[in-house]
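An overview of the molecular structure
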Amino acid sequence: MAEPSAPPILEVDGLHSGYGDVPVLKGLDFAVDSEVFAILGANGAGKTTLLATLARLLPVTDGSIRLGGKDVTAHPASETARLGIGYVPQEAAIFPDLTVFENLSIGGMIGERPLEQGLEEVFETFPDLRDKVGLRAGDLSGGESRMVACGRALMQDPSVLLLDEPTAGLSPLYVELFFQKIAEIHSGRGVTIVLTEQNATLALGVADRVMVLSLGLGSEVMTAADVTTDRLKEAYKL
Amino acid sequence: MSLDWLDAFLVSGTFGVVEIVGLGLLLHLQVGLTRIANFGVVGFWGLGLYTFGVLYVQVDWPFGEPWQFLFSALAASLAAALAGLVVAWLIADLDSDGALVGTLGFSAIVLILATTQDQLTGGALGLGGLGFPYDLGTTKANELLWLALMTALVGLILGYVWWVHRTPYGRLLIAIGSNEPLARSMGKHTTGAKLTLFAITCGLMGLLGAMHGVMVRFLDIGSLDVGITLAALAGLILGGTARVWGAVIGVLLTVGLFDIVIQFYVPLPQEWFTQAIPVLREAVFGALLVVVLLFRPQGLLGQMRRSKLIRAMHDG
Ligand SMILES: Nc1ncnc2c1ncn2[C@@H]1O[C@H](COP(=O)(O)OP(=O)(O)OP(=O)(O)O)[C@@H](O)[C@H]1O
Ligand SMILES: [Mg+2]
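Structural notes, computed from the coordinates. (Residues numbered from 1 in each chain as written. Chains lettered and ligands numbered in written order. Predicted model: local features only at pLDDT ≥ 70, side-chain atom pairs only at ≥ 80, totals over all residues. Heavy atoms only, no water.)

Side note on unusual backbone geometry
Residue B:P66 is reached from B:E65 by a cis peptide bond, and omega for that bond is 5°. By secondary structure assignment, the location of B:P66 is in the loop between α2 (41–58) and α3 (67–91). A positive phi is found at A:L215, a non-glycine position, where the angle reads about 55°. According to the relative accessible area criterion, A:L215 is exposed, its value standing at 66%. The backbone phi angle of B:R217 is positive, close to 55°, even though this residue is not glycine. By the secondary structure assignment, B:R217 is in the loop between α8 (190–216) and α9 (227–239). (Helix = DSSP H or I, 4+ residues; strand = E, 2+ residues; numbered from the N terminus. Buried < 20%, exposed > 50% of the residue type's maximum accessible area, 1.4 Å probe, protein only.)

What follows is the structure in structure tokens.
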């Protein structure tokens, strides 16, 4: 028997999903290994729908999702975190009525890792949060609340981190810093990152590979280094 | 011991205030923490009251007090808890408008059942025959002890609310209240947590109803109108929905003002108390609700729990 190669960390096959009667994803296939994987696409392309489906918050109408070879298509949202998925939605990614500390610790209730260790790691990645632990998360600035959202997901000790437009609405300086952090999270902790992004240039700066979503279908997956303007245009179906 | 110095109406008035403090505290867990809009407080309380009264009076109990009271009250709490569980399950995925209609509808059903099942409940005529599970000799003494027991129960409820605020369970409830999909995506069984909370708190509302039945010793469908819901909500909202003491302070300032201070200490013509004051009371509570919801959705004393926590963290 031939040695089976390790299954991809995340594998999506013929994925269909949407909202009630509105189909949005119409047959997506891709696989993600230990890498930073960026999903590009115009407004309304279905990026948020895809990540929410991967986080099991939207029903899969057809196709399958596998994590490390294990079929998780039928698993409810309440199990994804335990399966190793951390999800940072595009909007409403924190609990505004809880303090920063409470936001982080509620993420830390998953898994066996001691809370202090998780917190220390989050503060290493986002030192700015250290002084803000006592603040109500709803009173933070946009950038700070993105950090809290990201930190909260990291507290779950995920193997895959789903980030929906992690830098939308942030100032250019913050954007750069944030993508640096994302790269660090991948290289330092070995967390696989799947992120969505509108800005192709930014995404290509951080990602190993990219895919373009358009009209509910995915383009071929491209290695970031090989992407050219023409290939992008074709993928966007321009 | 002579209790002549004590006004009997003051005892029952205080009992009413303490009872609504209890309801306000439970409502705080439902509305303030978990953001389940419950406009049917009277339904759960009334189900407890009527289940208790009907069992106590209509069942031929083979044993005496206090077992007759304890079993009836336990059954009343369980009935209200079960109703809470079913209602919570029905409204679990609805927005607050849906929850509002669902809980209000439930309280209307309780009223209809109490009115139509008159062989059991006495219907519009009411049902007598309830009594204290003990006898100290005089009604006033019995009522005074019952007030003490009610105060102890509400004290326990306050302790429970205080405890919930300090546990991961309480944080989960706040998380659900402020962003349920996110909590779910983090592996939390949000529906289970909501159902459990609603069942426990509605069960306790039913227990308060049973306690009420003993104090008034008479089932009256008039008590199933919107009044008690309005009083608990007005108090909670005035005091601030987000903090432990909100309901206590708010109810004292609203119900306490009308039912104790004005009733006993403001010299007004007698006919005012039977006509103008009750109407004014409902109108003020209703207006308070509208004004606060429009301008201060967090309640007047709003985010006290939060800011206090923040201060505590900065000081410590
Ligand atoms: N709750 C919903 N109900 C019905 N349709 C929805 C819902 N949310 C999104 N859609 C539709 O699904 C499609 C994809 O939306 P989605 O939010 O996934 O796009 P996106 O790529 O994330 O866009 P953006 O870059 O603006 O965030 C859109 O056409 C949108 O109208
Ligand atoms: Mg989106």
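Quick notes on helix α4 (residues 115–125) of chain A
All names here are of chain A. Along α4, the positions that sit buried rather than exposed are G118, L119, V122, F123 and T125. Around the axis of α4, the buried residues are gathered within 160° of arc, so they sit on the same side. Across α4 from its buried face, at more than 90 degrees, point the exposed residues E116 and E124. Where α4 is buried, its residues touch α3 (100–107), α5 (142–154) and α6 (172–189). (Arc of directions from axis to C-beta. Contact = heavy atoms within 4.5 Å.)

Overview of the pattern of salt bridges
All names here are of chain A. Summed over all chains, the structure comprises 16 salt bridges over all chains. Between R66 and E11 there is a salt bridge, with its nearest N and O atoms 3.5 Å apart. Of this pair, R66 sits in strand β4 (residues 60–67) while E11 sits in strand β1 (residues 10–19), and the two are 55 residues apart along the sequence. With relative accessibility at 22%, the residue R66 sits in the partly exposed group. In this structure, E165 and K47 form a salt bridge, with 3.9 Å as the shortest nitrogen-oxygen distance. (Salt bridge = Lys/Arg side-chain N within 4 Å of Asp/Glu carboxyl O.)

Looking at the interface of chain B and chain A
Across the boundary between the two partners, chain B contributes 24 residues, which contact 29 residues of chain A. In this assembly, chain B and chain A are joined by 1 salt bridge. The partner of B:R35 in a salt bridge is A:D97, and the shortest N-O contact between them spans 2.4 Å. The tally of links between chain B and chain A comes to 5 residue pairs in polar contact (both at pLDDT 80 or more). Going through the elements one at a time, α7 (168–185) and α12 (304–315) of chain B are the ones with two or more residues in the side of chain B that touches chain A. Of the residues that constitute the side of chain B that touches chain A, the class distribution is 11 nonpolar, 7 polar and 6 charged. (Polar contact = N/O pair within 3.5 Å; in protein donor to acceptor, adjacent residues only side chain to side chain. Nonpolar A, V, L, I, M, F, W, Y, C, P; charged D, E, K, R; others polar.)

Some remarks on the coordination of the magnesium ion (ligand 2)
Residue and element names in this part refer to chain A. The protein atoms that coordinate the magnesium ion (ligand 2) are T48 (OG1) and Q90 (OE1), at distances spanning 1.8 to 2.1 Å. Here Q90 lies in the loop between β6 (85–88) and α3 and T48 lies in helix α1 (residues 47–54), a separation of 42 residues in the sequence. The class for Q90 is partly exposed, based on a relative accessible area of 27%. (Donors = N, O, S within 2.8 Å, 3.2 Å for Na, K, Ca; no water.)

As for the sheet that holds strand β5 (residues 70–71) of chain A
Residue and element names in this part refer to chain A. The strand order across the open sheet built from 4 strands is β2-β1-β4-β5, with neighbouring strands paired in antiparallel fashion. Each end of this open sheet is capped by a strand with a single partner; those strands are β2 (22–32) and β5. As judged from the 2 bridges shared by β4 and β5, these two strands associate in the antiparallel manner. By the bridge assignment, R66 is partnered in β5 with D71. Along the sheet, α1 contacts β1, β2 and β4; its crossing angle with β1, the most-contacted strand, is approximately 115°. (Pairing = 2+ DSSP bridges. Axes fitted to C-alpha atoms, helices over the stretch in contact; angles between N-to-C directions.)

Description of the site of ligand 1
All names here are of chain A. Ligand 1 sits among 13 residues. The nearest are N43, K47, T48, T49 and Q198. Note that an oxygen atom of ligand 1 is positioned 2.9 Å from one of the backbone N or O atoms of G46. One of the side-chain nitrogen or oxygen atoms of Q198 is found 2.6 Å away from an oxygen atom of ligand 1. Protein contact buries 61% of the 630 Å² of open area that ligand 1 shows by itself. For the shell around ligand 1, the residue count by class is 4 nonpolar, 7 polar and 2 charged. (Near = heavy atom within 4 Å. Areas by Shrake-Rupley, 256 points an atom, 1.4 Å probe, with all protein chains shown as cover.)

Some details on the layout of surface pockets
Residue and element names in this part refer to chain B. The calculated volume of the largest pocket comes to roughly 1,000 Å³. What lines the largest pocket is a set of 32 residues, among which S12, G16, H212, D259 and R281 lie closest to the centre. Mapped onto the lining of the largest pocket, the elements with two or more residues apiece are α1 (8–33), α2, α8, α9, α10 (246–265) and α11 (270–295). Take the lining of the largest pocket: its biggest share by element is 9 residues, from α1. Its residues assigned to classes, the lining of the largest pocket comprises 17 nonpolar, 8 polar and 7 charged. (1 Å grid on protein atoms, 1.4 Å probe; cavity = no way out; pocket = protein on both sides within 12 Å on 5 of 7 lines; lining within 4 Å. Points joined across faces, edges and corners; volume = space filled by probe spheres on them.)

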